Amino acid sequence: MTRSPYELSTPSDVLARLHPRISAYFGAIPPGHVGRGEGVFDVVGTPRRWLWPLLAWFARDSVMFPVWERDVPFTVENHPARVRRGRAGREARPAVRAHRTFRFRSGSRTMVDAITAEPDGLVDHLGRHGRVSARLRAEVDAHGPDAGALRLVSTRVTFRAMGREVRLPALIAPRVTLMERFDDEADLQRVSLVLSAPVLGTLYRYEGAFRYEIAPDTGRG
């Protein structure tokens, strides 16, 4: 892959505002290499236990988990890939497939997703089977406290079932907001994800910090 999905789907003037370390994180991973990170999430999940049965359903496909924990060690691995989409799976899109492993007190669980560059923009296919997808808009502030950080905001959410994709109406569709920024003072990358819904508010979130590197893919992890 010569260009990452982010580079293929985001205007060059937006990419130019990224912090150099965030630009490297979202840039192309060379063939034969993998991006690896390790850190700690300050919080993961939701304290609203009435949501846990729904999260348990998503957990079966490695999307979200029915937990509310603090100080959770985690690792992330990003691999260059191609994801087949469209009728009969004939369309192979440039992608980055990520595995985020959370070391919960009850045991390790892995969240899986694949970011692709598609004709209508950047799309995150969640879970091992990609049945839930979110189209993302990339934003980078030139000034202020979040200058240089990448903010990804979902603009459309779809579910795939029986070979068809169903778009959720905006009035009920959940909203994903992901922020990736680099803390120069601490020499750490900081990440925050919030899943929210109209009326209900925050449904799920995680936030923490990690260190990241591009390394030869030795097959470990």
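Figured I'd write up the structure that's included with this text. Computed from a predicted structure; not experimentally measured. (Residues numbered from 1 in each chain as written. Predicted model: local features only at pLDDT ≥ 70, side-chain atom pairs only at ≥ 80, totals over all residues. Heavy atoms only, no water.)

**A few points about the pairing of strand β11 (residues 201-216)**
Phase 1: The sheet contact formed by strand β1 (residues 33-45) and β11 spans twelve bridges and is antiparallel. Bridge pairing in β11 places R36 opposite E213.
Phase 2: Across nine bridges, strand β10 (residues 188-197) lies against β11 in antiparallel orientation. Within β11, the residue paired with V194 across the bridge is R205. (Pairing = 2+ DSSP bridges. Helix = DSSP H or I, 4+ residues; strand = E, 2+ residues; numbered from the N terminus.)

**Considerations on the pattern of salt bridges**
Where charged atoms from two side chains of opposite charge come close, those side chains can pair.
Phase 1: Taken as a whole and assessed by the stated rule, the structure comprises ten salt bridges.
Phase 2: Close ionic contact of E139 with R137 constitutes a salt bridge, the shortest N to O distance being 2.8 Å.
Phase 3: E139 gets classed as partly exposed once you look at its relative accessible area, which sits at 23%.
Phase 4: Note that R151 is salt-bridged to E139, the shortest N-O span being 2.8 Å. Placement of the pair is R151 in strand β7 (residues 150-161) and E139 in strand β6 (residues 132-139), with a sequence separation of twelve residues.
Phase 5: What makes R151 buried here is its relative accessible area of 18%. (Salt bridge = Lys/Arg side-chain N within 4 Å of Asp/Glu carboxyl O. Buried < 20%, exposed > 50% of the residue type's maximum accessible area, 1.4 Å probe, protein only.)

**Some points on the side chain of D124**
Phase 1: Note on placement: D124 falls in strand β5 (residues 121-126).
Phase 2: Here D124 occupies a buried position and makes no salt bridge, while the nearest side chain of opposite charge, R100, is found at 6.3 Å.
Phase 3: The residues contacting D124, other than those within four sequence positions of it, are D113, A114, I115, V132, S133, A134 and L136. (Lys, Arg positive; Asp, Glu negative; His and termini not counted. Contact = heavy atoms within 4.5 Å.)

**Focus: the packing of aromatic side chains**
Phase 1: A complete count under the given rule lists 14 aromatic pairs for this structure.
Phase 2: With centroids separated by 5.9 Å and ring planes inclined at 65°, the aromatic side chains of F65 and F102 adopt a geometry described as edge-to-face. Of this pair, F65 sits in the loop between α4 (52-59) and β2 (68-85) while F102 sits in strand β3 (residues 91-104), and the two are 37 residues apart along the sequence.
Phase 3: F102 gets classed as buried once you look at its relative accessible area, which sits at 0%.
Phase 4: Measuring from centroid to centroid gives 6.0 Å for F65 and F104, while their planes differ by 65°, and the two rings are edge-to-face. Placement of F65 in the loop between α4 and β2 and of F104 in strand β3 is noted, with a sequence separation of 39 residues between them. (Phe/Tyr/Trp six-rings, centres within 6.5 Å; stacked < 30°, edge-to-face > 60°.)

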